[in-house]
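Spelled out, the chains give:
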Amino acid sequence: MRVLVVEDEARLAGTLRDLLEMDGYAADVCHDGEAGLDNALSGIYDVVLLDVMLPKMDGFTVLRKLRQGGSAVPVLMLTARSELSDRVEGLDSGADYYLTKPFEPKELLACVRALTRRQPELRGDGALSCGDLRLEKSSFTLSCGERSVRLSRKEFDIMEQLMINRRQILAKETLLLKIWGYESDAEDNNVEVYISFLRKKLSHLRSQVKIKTIRMVGYCLEGGE
């Protein structure tokens, strides 16, 4: 899953990114409200960590514009201001949770996990299931019955997106942004290579679930109902 961190303090933003990546998330950072809003509206993020005091556009305004733009991405607001009125404004603006600085890393990660669990396909034990497949986040393991294989990080991230969005067609461009990020020079061929790897592993598992190519559009799972 990919998390957007919108935080103007460079050191804290870097620490948050490192913390998230150590816990298995992909993370991108923005340092002002305008850039944060533009990135959050892209639709490629599963959670947004949003500071309140930001240059160019404050976090409350970013959040209101995000919701007005139709985005339902879970937002965790971060602020050094602990007044009740600020917490109320954040929640009323559309925040899903409010964390006051300073906070413990374990508490932040627990909040992120709680927000990602709102994905309807995500099991309470941190695993995803689709048809006869089960994807374990803790071990990067994909299993079908008694058979299982260990996935690389990119294979896991792609399979995770396909399973979460199994009722949709995912464009190559969407996968590139979600898995490799904005600053990567990865191309369509990178997605194709990893899709090929995953198909071979699904064949090895003898799963009824297949990755279907929709020509000129993207990919989706079939046989998962």
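See the structure printed just above.
Definitions and limits used
- Residues numbered from 1 in each chain as written.
- Predicted model: local features only at pLDDT ≥ 70, side-chain atom pairs only at ≥ 80, totals over all residues.
- Heavy atoms only, no water.
- Core = buried A, V, L, I, M, F, W, Y, C linked by side-chain atoms within 4.5 Å.
- Buried < 20%, exposed > 50% of the residue type's maximum accessible area, 1.4 Å probe, protein only.
- Helix = DSSP H or I, 4+ residues; strand = E, 2+ residues; numbered from the N terminus.
- Contact = heavy atoms within 4.5 Å.
- Polar contact = N/O pair within 3.5 Å; in protein donor to acceptor, adjacent residues only side chain to side chain.
- 1 Å grid on protein atoms, 1.4 Å probe; cavity = no way out; pocket = protein on both sides within 12 Å on 5 of 7 lines; lining within 4 Å.
- Points joined across faces, edges and corners; volume = space filled by probe spheres on them.
- Nonpolar A, V, L, I, M, F, W, Y, C, P; charged D, E, K, R; others polar.
- Pairing = 2+ DSSP bridges.
- Axes fitted to C-alpha atoms, helices over the stretch in contact; angles between N-to-C directions.

## Re the nonpolar core
The nonpolar side chains of soluble globular proteins are, as a tendency, buried together. Of all hydrophobic cores here, the largest spans 51 residues; its most connected members are Leu20, Leu49, Leu76, Leu108, Leu142, Met159 and Ile211. Among the elements that line this core, the one with the most residues is helix H6 (residues 153-164), at six residues. When residues no more than four places from it in sequence are discounted, the contact partners of Met159 are Leu135, Leu142, Leu151, Leu198, Leu202 and Ile211. Membership of the second largest hydrophobic core comes to 21 residues, among which are Val48, Leu50, Leu66 and Val73.

## Let's talk about the environment of Ser196
Mapped onto the elements, Ser196 comes out in helix H8 (residues 188-205). With a relative accessible area of 31%, Ser196 lands in the partly exposed category. In this structure, the C-alpha to C-alpha distance between Ser196 and Leu91, residues 105 residues apart in sequence, is 43 Å.

## Focus on the side chain of Asn39
Examined against the element boundaries, Asn39 turns out to sit in helix H2 (residues 33-40). In this view, Asn39 contacts Leu4, Cys30, Tyr45 and Tyr182; residues no more than four positions away in its chain are not counted.

## Details of the side chain of Glu7
As for its placement among the helices and strands, Glu7 is situated in the loop between strand E1 (2-6) and helix H1 (10-22). Looking at Glu7, its side chain comes within polar contact range of the main-chain nitrogen of Glu9, at 3.0 Å. Discounting residues that sit within four places of it in the chain, Glu7 has contacts with Leu12, Ala13, Cys30, His31, Asp51, Leu54 and Lys101.

## What to know about empty space enclosed by the protein
Following the criterion strictly, the structure yields one cavity of 30 Å³ or more and no others. Approximately 40 Å³ is the volume attributed to the largest cavity. For the largest cavity, the full set of lining residues is Met1, Arg2, Ala26, Asp157, Glu160, Gln161, Lys178 and Ile179. The greatest single-element share of the lining of the largest cavity, amounting to three residues, is contributed by H6.

## Here's the deal with the layout of surface pockets
The space that makes up the second largest pocket amounts to roughly 250 Å³. Of all the elements in the fold, those that place two or more residues in the lining of the second largest pocket are H1 and strand E2 (26-30). Residue composition of the lining of the second largest pocket, grouped by class: nine nonpolar, five polar and three charged.

## Some points on the sheet that holds strand E6 (residues 127-130)
In space, the four strands of this open sheet follow the order E6-E7-E8-E9, with antiparallel pairing throughout. The open sheet is flanked by E6 and strand E9 (147-150), the only strands paired with a single partner. Put simply, the sheet's adjacent strands are angled 20° from each other on average, direction ignored. In terms of strand pairing, strand E8 (residues 141-144) meets E9 through four bridges, oriented antiparallel. In the sheet register, Leu142 faces E9, and the bridge partner there is Val149. Taken strand by strand, H6 contacts E6, strand E7 (133-136), E8 and E9, and its axis lies near 130° from that of E7. Sheet strands touched by H8: E7, E8 and E9. Its angle to E9, the strand with the most contacts, is close to 155°.

## Points about the sheet that holds strand E11 (residues 210-214)
What the three strands build is an open sheet, ordered E10-E12-E11; its pairing is antiparallel. Whereas interior strands pair on both sides, the edge strands pair on one side only; in this sheet they are strand E10 (170-171) and E11. Pairing geometry for E11 and strand E12 (residues 218-222), over five bridges, is antiparallel. Within the sheet, the bridge partner assigned to Ile211 lies in E12 and is Leu221. Contacts from H6 reach E10, E11 and E12, with the element oriented near 65° to E12.

## Section: unusual backbone geometry
Here the amide bond leading from Lys101 into Pro102 is cis, since omega sits at -5°, within 30 degrees of zero. Here Pro102 shows up in the loop between strand E5 (97-100) and helix H5 (105-116). A positive phi angle, near 75°, is found at Lys56, a position not held by glycine. Tracing the chain through its elements places Lys56 in the loop between strand E3 (47-51) and helix H3 (59-68). For Phe140, which is not glycine, the phi torsion reads 55° and is therefore positive. Along the chain, Phe140 falls in the loop between E7 and E8. A residue is classified by how much of its surface remains accessible, and Phe140, at 17% relative accessible area, is buried.

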